[in-house]
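# Working through the structure, step by step
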Amino acid sequence: MVNKSKIYIAGHKGMIGSAILKTFSKNKKFNLIYEDKKKLDLTDQSKVFKYLKKIKPDGVIIAAAKVGGIVANNSHRAPFIYENISIQSNIIHGSYLAGVKNLIFLGSSCIYPKFAEQPIKEKYLLSNYLEKTNEPYAIAKIAGLKLCENYSSHYKLNYKTLMPCNAYGENDNYDLNSSHFLPALVKKIVEAIRKKKDYITLWGNGKALRELIFSDDIALACKFFLEKKTKSKIFNIGTGLEYSVEQYAKLIMKHLNVNLRIIYDKTKPNGTHRKLLDTSLAKKSGWKSKTSFEKGISIVINDYLKNHLKKDI
Ligand SMILES: NC(=O)c1ccc[n+]([C@@H]2O[C@H](COP(=O)([O-])OP(=O)(O)OC[C@H]3O[C@@H](n4cnc5c(N)ncnc54)[C@H](OP(=O)(O)O)[C@@H]3O)[C@@H](O)[C@H]2O)c1
């Protein structure tokens, strides 16, 4: 019998974690390990160290984090920095103590400087100031990335950071107080249709440009890079395509066969104007995204209507 590779997935119930679990489950060579938050709170250092020493995985993927949109990031600044630093440090150091050789940590495009040159290359990290609203989250993530980089060089390990652009997928968060812009758009448009309104209200002026990747493509990137030996330990993960928030709203409306008026609440922030990743490093290594927005959004809308709408009513 072939020895299976034991992979621990932290955050398996989240949007990206569940896509990772689904994607890795398709390959019989993996023995997947995961634990509910109720049983294993990842901010609890001694529990995480003990757990990792007990299961001794071959590989670890960190998709657990405190995550949210502009409102959540800005209004929960202390939990965002504390919980993220704790979760990632516990898992990264715990993995080192447990002899784990391969690890993937998920960073994010929003940890690059606010005014980074576009498209953003990996080397632009820490080259200028961060966006104020998500600075605590970004500082935590940068610390995680630097842990991976330094553990890799100091202890001769293969601990990498993947930097996805904004993501969307099944199992997203539709709470308007903490969601990202895309699930908020889906929810607002579906709600307007249900309530027979002929308009939706969006934050800012709708002109901010965003690159979006489907969560299953990030999962495939994790699978591609986990055991791969690479000189670089940081890889941007994106599609290379960008649309404005207004264009995304119109694409979702087109999919749902409606044409609602868009009212812009210009008293609310737009966030960073543009965030387009340069993914040439990942492409050179042999990875590229494969799901079109049209395909991804139809999966997401079906998931929302089937699994999330009732909870929202
Ligand atoms: N979503 C995006 O657009 C995006 C873009 C780029 C990068 N990323 C990165 O990708 C990763 C996953 O993001 P996501 O969107 O999938 O987030 P998510 O849906 O909120 O999932 C995060 C998961 O982490 C778990 N978690 C949080 N705190 C925990 C704790 N103390 N103990 C155990 N589990 C805990 C959550 O469990 P509960 O739900 O039970 O709290 C949840 O299952 C994050 O590192 C994020 O920074 C996300």
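This text gives an overview of the structure that appears in the document. (Residues numbered from 1 in each chain as written. Predicted model: local features only at pLDDT ≥ 70, side-chain atom pairs only at ≥ 80, totals over all residues. Heavy atoms only, no water.)

## Quick notes on unusual backbone geometry
Of note, the amide linkage connecting Gln-118 to Pro-119 takes the cis form, showing an omega dihedral of -10°. Mapped onto the fold, Pro-119 is located in the loop between strand S4 (102–106) and helix H5 (135–155). With a phi angle near 55°, Lys-196 is a residue other than glycine that sits in the positive phi range. Tracing the backbone shows Lys-196 in the loop between helix H6 (181–194) and strand S7 (199–203). (Helix = DSSP H or I, 4+ residues; strand = E, 2+ residues; numbered from the N terminus.)

## Observations concerning the site of the ligand
Close to the ligand lie 25 residues, the nearest being Ile-16, Lys-37, Tyr-137, Lys-141 and Ala-167. Taking Lys-141, its side chain carries an N or O atom lying 2.5 Å from an oxygen atom of the ligand. When residues of the shell around the ligand are traced back to their parent elements, those giving at least two are helix H1 (15–25), H5 and strand S6 (166–168). (Near = heavy atom within 4 Å. Polar contact = N/O pair within 3.5 Å; in protein donor to acceptor, adjacent residues only side chain to side chain.)

## Focus: the pattern of salt bridges
Enumeration according to the criterion identifies 13 salt bridges in this entry. Across the pair Asp-36 and Lys-13 runs a salt bridge whose closest N-O atoms are separated by 3.0 Å. With Asp-36 in the loop between strand S2 (30–33) and helix H2 (45–55) and Lys-13 in the loop between strand S1 (5–10) and H1, the pair connects residues that are 23 residues apart, well separated along the chain. Accessibility expressed as a relative area gives 32% for Asp-36, which makes it partly exposed. Overall, Lys-13 belongs to the exposed group, its relative accessible area being 58%. Between Glu-131 and Lys-114 there is a salt bridge whose closest N-O contact spans 2.8 Å. (Salt bridge = Lys/Arg side-chain N within 4 Å of Asp/Glu carboxyl O. Buried < 20%, exposed > 50% of the residue type's maximum accessible area, 1.4 Å probe, protein only.)

## Quick look at the side chain of Ser-109
Mapping Ser-109 onto the fold places it in the loop between S4 and H5. Excluding residues within four positions of it along the chain, Ser-109 makes contact with Pro-164, Cys-165, Asn-166, Lys-275 and Leu-277. (Contact = heavy atoms within 4.5 Å.)

## Re the sheet that holds strand S11 (residues 243–244)
In spatial order, the strands read S11-S8-S13; together these three strands make up an open sheet with mixed pairing. In the strand order of this sheet, the two ends are held by S11 and strand S13 (274–275), each with one partner. The pairing of strand S8 (residues 209–210) with S11 spans two bridges and is antiparallel. Along S11, the bridge assignment pairs Arg-210 with Tyr-243. (Pairing = 2+ DSSP bridges.)

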